[in-house]
Structures are given as C-alpha cells and as structure tokens.
Amino acid sequence: MTARHNSIVFWAGIAVFLVAVMAMTQLVRNEYPFFAGYVILQFIVLSVAWSILGGYAGYVNFGTNAFFGVGVYTAVALFKVSGAPLVVQIAAAAVVGMLLGLAVGLLTLRMRGIFFSIATIALAIIIETTVMNWRFVGGAAGIQLQRPPVTEPFDSYVKMLFFVQGVLVVIAVAIARYIQNSRIGRGLQALRDDELAAECTGVPTLKLKLVACMISGGLIAAGGAPAAMYLQYADPSSAFNLSYSVSVLAMALIGGTAHWIGPVLGAILLGTTQQLLAVTISSEVNVLVLGIMLVVFVVVAPKGIIGLLRPRYRLRAGGKA
Amino acid sequence: MTTSPATPDAPLLQIRTLTKTFGGFTALDNISVDIKKGERFGLIGPNGSGKTTLINCISGALKPQIGNVIFCGEDITQLPPHQRARRGIARSFQIPRPFRSMTVLENLMVGLDFASAPGAAAAALPEEEVAMSILTRMGLAAKAGAPTDTLSQVELRKMELARAMAVRPKLLVSDEAMAGLSHSEVDEVLDLLISLGDEDITIIMIEHIMQAVMRFSERVMCLDAGRIIALGAPDEVMANKRVQEAYLGT
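None of the values given here were measured: they were computed from a predicted structure.

Asks: I would appreciate a short explanation of the overall build of chain B in the present structure.
Replies: When helices and strands are tallied, chain B shows 9 helices and 10 strands. Relative to its length of 250 residues, chain B is compact, with a C-alpha radius of gyration of 18 Å against a globular reference of 18 Å. Seen through its principal axes, chain B has C-alpha atoms that stretch 50 × 45 × 35 Å. Relative to its full complement of 250 residues, chain B shows a buried share of 55%. For chain B, contacts bridging at least 24 residues in sequence account for 66% of all contacts bridging at least 6. Between the centroid of the 25 positive side chains of chain B and the centroid of its 29 negative side chains there is a distance of 5 Å.

Below is the structure:
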C-alpha cells in the first residue's frame with residue numbers, strides 16, 4: 001500500500017467517523033449514550049496524546065492528571081472571567097498545556113526513566129495544591145458552572161460536547177499519525193531505543209523530547225477543557241485525580257504504543273468496559289478490572305493489542321502506516 | 001577559533017590540552033594531538049588508559065574541563081553530539097548500540113534523516129536507495145529488512161559502521177569495532193575500514209588487536225593513565241619501551 005493510498009483511506013475513515021458522530025447527535029434521543037460516549041472519546045484523546053511522549057519517545061508521563069486538570073481549570077478561569085465560548089476555552093487550554101509541557105520538559109526531560117516519571121507525579125501534586133488555594137476558581141471546595149445556551153444544530157449541551165470531543169479525537173489522531181510518519185517520529189523512536197546512539201547519529205534529542213512533551217501536554221489539556229462544562233462543576237481533587245494518569249497509561253499500554261491506533265483501541269476497550277461496569281456493578285470495580293487487565297496484557301501481550309494483531313508489527317513501527 | 005579550513009594541510013581535528021577528570025580521577029591529562037585529513041589513526045593503550053574518554057570528548061558524549069576540540073577549524077568543545085554529527089563526526093560504540101525496535105535499513109535512515117548535510121550530491125536520490133547502497137558496501141544488503149536482534153555479532157558491528165556512514169562523516173571514530181570477532185571476521189571489518197579510509201574519510205580506530213592496529217594505522221598513539229606515552233609510526237610505537245611496559249608490565 002502506498003503512502004498516498006494510505007492517506008486516502010485514513011481521511012475517508014476520519015470523515016465517516018465525524019459524520020457518524022454528527023448523525024448520532026441528531027438522531028439519538030436518549031442522552032445517556034452521549035454521557036458515556038463523551039468519556040470514551042475523552043479517553044481516546046488523552047491516551048493518543050499520552051503516547052506521543054510515553055509511547056513514541058518512551059518517556060512515561062505519570063502527570064496526565066496535571067495536564068488534564070490544567071485544561072479543566074484554564075477553561076473554568078476563562079469562563080468565569082469572560083464567559084468565553086467553549087472553542088476559546090479549549091484553544092486556551094491547549095496553549096497553556098503546551099507551555100506547561102515546555103516548562104516541565106525543560107525541568108525534567110534531562111532525567112531518564114523512572115526519575116522522569118516521579119518528577120511528573122510531583123508536578124501534578126504541586127499544581128493541584130496551587131489550584132486548591134486559588135480562591136477565584138473555587139479553591140478546595142470546587143466551583144459550580146452554569147452552562148450557556150446550546151448552539152445549533154445541537155438540542156442539548158451534552159450532545160454538543162460529545163461532538164466537540166469527537167473533533168478533538170480527530171485532531172489528536174491526525175497529529176499522532178503525522179508525527180509517527182515524519183522524521184520526528186523516527187527521531188523519537190531512535191531516542192527511545194538508545195538516547196546516546198541517537199545523539200551521535202545526529203538526532204537533536206532534547207529538542208525532539210520538548211516538542212513531544214509540548215504536543216502531548218497541549219492535547220491532554222485540550223481534551224480536559226470541556227470536562228468543566230460536561231460536569232458543570234470542577235474541583236481540584238477530581239480534576240487532578242491520579243486515576244486519569246493510571247487509566248490513560250493502562251489504555252495506551254494495553255492498546256500498544258507503536259502505532260497511533262493502539263491507544264485508540266485501548267481507550268475504546270477499557271473505556272467501554274469501565275462504563276459498563278459503572279452501570280452494572282459499581283464504579284469502584286473499574287480500578288480492579290483496570291489493574292487485572294494491565295497485568296494480563298503485560299504478561300500475555302507486552303506489545304498490546306496491536307502487537308497481538310500483527311506479531312511482526314514492531315518492525316514497521318517507524319514505517320508508513 | 002575561526003581559522004579557515006581552506007588550507008589543504010590544516011589538520012581535520014585538533015585536540016588542544018584536553019583534560020577530563022571524574023571527581024579526583026584524571027582520565028585525560030593534558031592531551032594535545034592533530035589528526036590530518038584522510039589519516040588512518042590508531043589509538044591504543046591498556047584498559048582504563050582513557051581511550052574511550054578521549055573519543056567521548058571528540059564525539060561530544062563528554063565535555064572536558066580544560067582544553068579544546070577543533071574540527072575543520074571550528075571550536076566544537078561545547079557542542080552537543082548531534083551538532084557534531086551534522087558537522088561530520090560519526091562513531092561506533094564499544095558495545096553495539098543499535099536502535100532495537102527498527103530494522104537495519106531504518107537504523108541507517110535515522111542518520112540520513114537527521115545528520116546528512118542538506119544539499120549533498122546524493123540528496124537527489126531517495127533516502128532508501130542511499131541507505132541500500134551503504135548496506136551493499138558493508139555487505140549487509142541481504143539484512144536490510146531484518147530486525148537488529150537477529151544479527152550476529154559481526155553483522156551488528158558492520159551495521160554500526162553503516163549507520164555511522166549514513167551520517168556522511170568526515171571523521172569516523174571506531175571504538176573496538178573488532179572486539180569479540182573471529183580472525184576472519186576481524187579481517188573482513190578491517191578491510192571495510194581501510195576501504196573507507198581510501199575514500200578520504202579520516203578514521204580513528206581504537207583497538208586491542210595489535211595485528212589489526214599495525215595493518216590499519218598510518219600513525220599510532222598510545223595512552224597510559226590519561227597521558228600520551230608514544231605517538232608515531234606503528235612499528236616505532238610498538239618498539240617503544242614505555243609502550244611495552246604499559247602493556248606487559250615491568
């Protein structure tokens with residue numbers, strides 16, 4: 001399959017997806033599928049974004065919740081100041097997420113392996129504490145938000161949020177795919193395999209890691225921004241909840257990180273399971289199931305779902321797809 | 001340092017009073033040497049004498065406390081390794097460090113993507129063809145699509161040299177590329193290195209296998225405890241009493 005042919009298939013798939021999402025908002029009456037679907041789409045955005053740094057570059061970021069929470073609170077602050085529309089909230093969250101990614105990258109990307117991961121956990125705690133003491137956005141008690149009237153052609157705000165999150169999925173996937181097929185992707189893959197050898201082969205490792213960290217952070221924050229309007233409420237301990245980090249990491253690893261489709265599959269599989277369990281048993285069981293699935297996959301399929309589908313897949317990890 | 005490299009006899013690489021210490025341990029002590037363009041330069045010395053530290057300072061993995069590294073008339077002492085690779089310094093590693101998740105061909109593509117000088121003559125060719133032509137030269141064409149963990153030791157060594165060649169180096173530093181190889185394999189890799197040297201690529205070779213050093217080098221430098229104890233034609237250096245003492249003990 002040529003790269004060109006591949007691109008046509010990809011963008012056709014994207015178009016079908018967007019049309020399906022849009023059609024669903026127009027045809028389905030019941031609001032519940034949108035409530036549940038929003039969360040699944042959100043996790044697709046988060047895990048695709050996470051794997052740009054965590055998968056391609058191999059830098060395991062435990063601070064997904066930091067970027068997510070920053071996205072939420074950027075939206076909250078902006079909404080409270082000026083009543084900015086949703087699109088502006090999301091764009092602003094993306095910018096703040098990228099700046100945070102740059103700052104975090106400059107501070108921590110010289111650390112490798114587990115040290116980087118620990119630093120990102122610390123980051124989340126620092127930011128959460130700061131927000132907790134920021135009265136303007138509600139402090140530790142949280143803040144109630146009144147949704148503005150919904151925009152045409154949607155008849156409910158949740159349906160609109162569902163569609164918006166669908167667009168964010170498209171953006172995240174398109175960016176991840178672009179990186180994967182570009183020389184940036186090859187450079188990230190090289191530095192994941194061996195940082196010194198990559199440097200000595202001409203790869204500007206620090207620069208590439210910073211770029212990955214900024215894009216990943218910006219996308220996670222953008223994915224988190226609509227959550228404030230979704231819940232009509234924000235508080236630090238849920239916006240900065242560590243379970244975002246754990247879920248996203250599990251989804252990306254279970255799906256497989258060598259290809260952008262991996263985190264998408266992982267997020268659909270785990271996100272759907274979580275939603276079903278939350279309805280049928282209890283939301284607490286989620287965590288248990290997540291843990292069990294992660295253990296099973298690490299043992300049975302260390303390369304994730306995509307590794308199972310194509311055993312020789314990893315060879316093409318940096319190739320055109 | 002902005003001396004123009006235009007003069008034909010100007011050394012390609014100048015090392016000036018290089019000193020590198022790790023805590024209280026002096027790994028390199030006031031090393032100065034010039035390496036000419038196109039030269040085949042052997043670097044020997046007992047274990048722990050500072051050979052790898054010296055080439056780490058040349059390739060940029062380490063930065064010295066004192067002294068300068070000047071390449072093509074430009075002071076590169078403070079440049080990170082990838083900048084040096086782009087200026088034409090490539091290296092292989094004592095223990096091979098392939099990009100394990102990639103095929104042999106993709107390993108080379110990294111260098112072509114990131115380090116090749118833009119506007120090079122071969123830029124007209126698609127990268128894959130350039131990579132294949134390098135692999136063919138190294139006798140690895142049949143392994144182009146193979147993952148690196150299926151390679152034998154000698155193939156890994158050759159792949160490291162091929163990947164270094166993808167950087168289009170002016171200077172190639174080979175760090176014990178023959179360690180752990182059989183006699184016939186040593187000859188194979190040595191022939192490759194010599195043929196690269198014939199193409200105007202300057203080569204610094206670190207090696208413990210003396211026959212290889214003798215056959216390869218135009219000049220040999222022997223280090224001991226971070227100092228130069230001998231520098232000159234291979235047989236002169238081998239005949240040097242201090243070199244023999246360093247290797248055999250007194």
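Asks: Hey, could you run me through the overall build of chain A in this one?
Replies: Along the backbone of chain A there are 15 helices and 2 strands. Rg of the C-alpha trace for chain A: 19 Å, near the compact-globule value of 20 Å for 321 residues, within the 12% margin. Charge separation in chain A, taken as the distance between the mean sites of 20 positive and 10 negative side-chain charges, equals 12 Å.

Asks: How do you make sense of the packing of helix α3 (residues 64–82) of chain A against helix α9 (residues 205–224) of chain A when you look at a structure like this?
Replies: Residues and elements named next belong to chain A. Contact geometry for α3 and α9: axes closest at 7 Å, N-to-C directions at 50°. Taken together, the axes of α3 and α9 are oblique relative to one another. With respect to the hand of their crossing, α3 and α9 are arranged in right-handed fashion. Of α9, the residues touching α3 (which contributes Thr64, Phe67, Phe68, Gly71 and Val72) are Gly217, Ile220, Ala221, Gly223 and Gly224. Of the residues assigned to the contact of α3 with α9, the class counts are 5 nonpolar, 5 polar and no charged.

Asks: Got a minute to help me understand the pattern of salt bridges in this structure?
Replies: Should the charged atoms of two oppositely charged side chains come close, the side chains can pair. All names here are of chain B. Here the structure, examined in full by the defined rule, presents 18 salt bridges over all chains. Between aspartate 200 and lysine 37 there is a salt bridge, with the nearest N and O atoms lying 3.1 Å from each other. Of this pair, aspartate 200 sits in the loop between α6 (183–197) and β8 (202–206) while lysine 37 is found in the loop between β2 (25–35) and β3 (40–44), placing the two residues 163 residues apart along the sequence. The class for aspartate 200 is partly exposed, based on a relative accessible area of 48%. Taken together, the shared-partner salt bridges connect Asp187, Asp191 and Arg215 into one network.

Asks: Sorry, what's going on with helix α4 (residues 86–108) of chain A here?
Replies: Note: α-helices contain 3.6 residues per turn, so residues at a spacing of three or four share the same orientation. All names here are of chain A. Under the 1.5 Å per step criterion, the end-to-end length of α4 is 32 Å for 23 residues, consistent within 8% with the ideal 33 Å. Within α4, the full set of buried residues consists of Leu86, Gln89, Ile90, Ala93, Ala94, Gly97, Leu100, Gly101, Val104, Gly105 and Thr108. As for α4, its buried residues are in contact with α3, α5 (113–132), α6 (157–181), α9 and α10 (227–231).

Asks: In this structure, what is going on with the interface of chain B and chain A? I would like to understand it.
Replies: When the parts come together, some accessible area is lost, and that loss is often what is quoted as the size of the interface. On the side of chain A, 22 residues touch chain B, which itself brings 28 residues to the contact. Here chain B packs against chain A, burying approximately 2,200 Å² in sum over the two surfaces, 58% of which is carbon and sulfur. Where chain B meets chain A, there are 2 salt bridges. Between arginine 97 of chain B and aspartate 194 of chain A there is a salt bridge, with its nearest N and O atoms 2.8 Å apart. Viewed at the interface, chain A and chain B are joined by 9 residue pairs in polar contact (both at pLDDT 80 or more). Of all the secondary structure elements, the ones that give two or more residues to the side of chain B that touches chain A are α2 (81–87), β6 (89–91) and α3 (104–114) of chain B. No other element matches the 6 residues that α3 of chain B contributes to the side of chain B that touches chain A.

Asks: Just to check I follow, could you spell out the nonpolar core for this structure?
Replies: Nonpolar side chains tend toward joint burial in soluble globular proteins. Ranked by internal contacts, the top residues of the largest apolar core, which has 103 residues, are Phe43, Val72, Tyr73, Val76, Leu86, Ile127 and Leu188 of chain A. Setting aside anything within four residues of it in sequence, one finds tyrosine 73 of chain A in contact with Val131, Val137, Ala234, Asp235, Pro236, Ala239 and Phe240 of chain A.

Asks: Hey, could you run me through a nonpolar patch on the surface in this one?
Replies: Residues and elements named next belong to chain A. A cluster of nonpolar side chains, namely Leu288, Ile292, Val295, Val296, Val298, Val299 and Val300, defines an oily patch on the protein surface of about 680 Å² accessible area. As for its position among the elements, leucine 288 is in helix α14 (residues 283–300). Judged by relative accessible area, leucine 288 falls into the exposed class, the value being 54%.

Asks: Whenever I open this one, the packing of helix α2 (residues 32–56) of chain A against helix α12 (residues 242–255) of chain A confuses me. Can you help?
Replies: A pair of packed helices is characterised by two quantities: the angle between their axes and the separation of those axes. Residues and elements named next belong to chain A. Relative to each other, α2 and α12 sit at 75°, their axes nearing to 9 Å. The angle between α2 and α12 places the two elements in the roughly perpendicular class. Along its contact with α2, which presents Gln42, Phe43, Leu46, Ser47, Trp50 and Ser51, the element α12 presents Tyr244, Ser247, Val248, Leu249, Met251, Ala252 and Leu253. Partitioned by chemical class, the residues of the contact of α2 with α12 number 9 nonpolar, 4 polar and no charged.

Asks: Where do I start with the environment of valine 19 of chain A in this structure?
Replies: Residues and elements named next belong to chain A. Relative to the helices and strands, valine 19 resides in helix α1 (residues 3–27). Judged by relative accessible area, valine 19 falls into the exposed class, the value being 56%. Taking C-alpha positions, valine 19 is 30 Å from alanine 212, a pair spaced 193 residues apart along the chain.

Asks: Looking at this structure, I do not really get the sheet that holds strand β7 (residues 171–175) of chain B. What am I missing?
Replies: By way of backbone hydrogen bonds, the strands of a sheet pair with one another, either parallel or antiparallel. Residues and elements named next belong to chain B. The 6 strands lie next to each other as β6-β7-β8-β3-β9-β10, forming an open sheet whose pairing is mixed. Single-partner strands in this sheet number two, and they are β6 and β10 (227–232). On average, each strand axis in the sheet is inclined to that of its neighbour by 20°, with strand direction left out of account. Here β3 runs beside β8; their pairing, made up of 4 bridges, is parallel. Residue pairing for β8: leucine 43 is matched across the bridge by isoleucine 206. Docked against the sheet, α6 engages β3, β7 and β8, running at close to 150° with respect to β8.

Rules used in this analysis
Residues numbered from 1 in each chain as written. Chains lettered and ligands numbered in written order. Predicted model: local features only at pLDDT ≥ 70, side-chain atom pairs only at ≥ 80, totals over all residues. Heavy atoms only, no water. Helix = DSSP H or I, 4+ residues; strand = E, 2+ residues; numbered from the N terminus. Rg over C-alpha atoms; globule rule 2.2 N^0.38 Å. Buried < 20%, exposed > 50% of the residue type's maximum accessible area, 1.4 Å probe, protein only. Contact = heavy atoms within 4.5 Å. Lys, Arg positive; Asp, Glu negative; His and termini not counted. Charge placed at Lys NZ, Arg CZ, Asp CG, Glu CD. Axes fitted to C-alpha atoms, helices over the stretch in contact; angles between N-to-C directions. Parallel < 35°, antiparallel > 145°, perpendicular 65-115°, else oblique. Left-handed = near helix turned anticlockwise from the far one by under 90°. Nonpolar A, V, L, I, M, F, W, Y, C, P; charged D, E, K, R; others polar. Salt bridge = Lys/Arg side-chain N within 4 Å of Asp/Glu carboxyl O. Expected span 1.5 Å × (residues − 1). Buried area = accessible area lost by both parts, 1.4 Å probe. Polar contact = N/O pair within 3.5 Å; in protein donor to acceptor, adjacent residues only side chain to side chain. Core = buried A, V, L, I, M, F, W, Y, C linked by side-chain atoms within 4.5 Å. Patch = residues over 30% accessible without salt bridge, like charges linked within 9 Å, V, L, I, M, F, W, Y side chains within 5 Å. Areas by Shrake-Rupley, 256 points an atom, 1.4 Å probe, with all protein chains shown as cover. Pairing = 2+ DSSP bridges.

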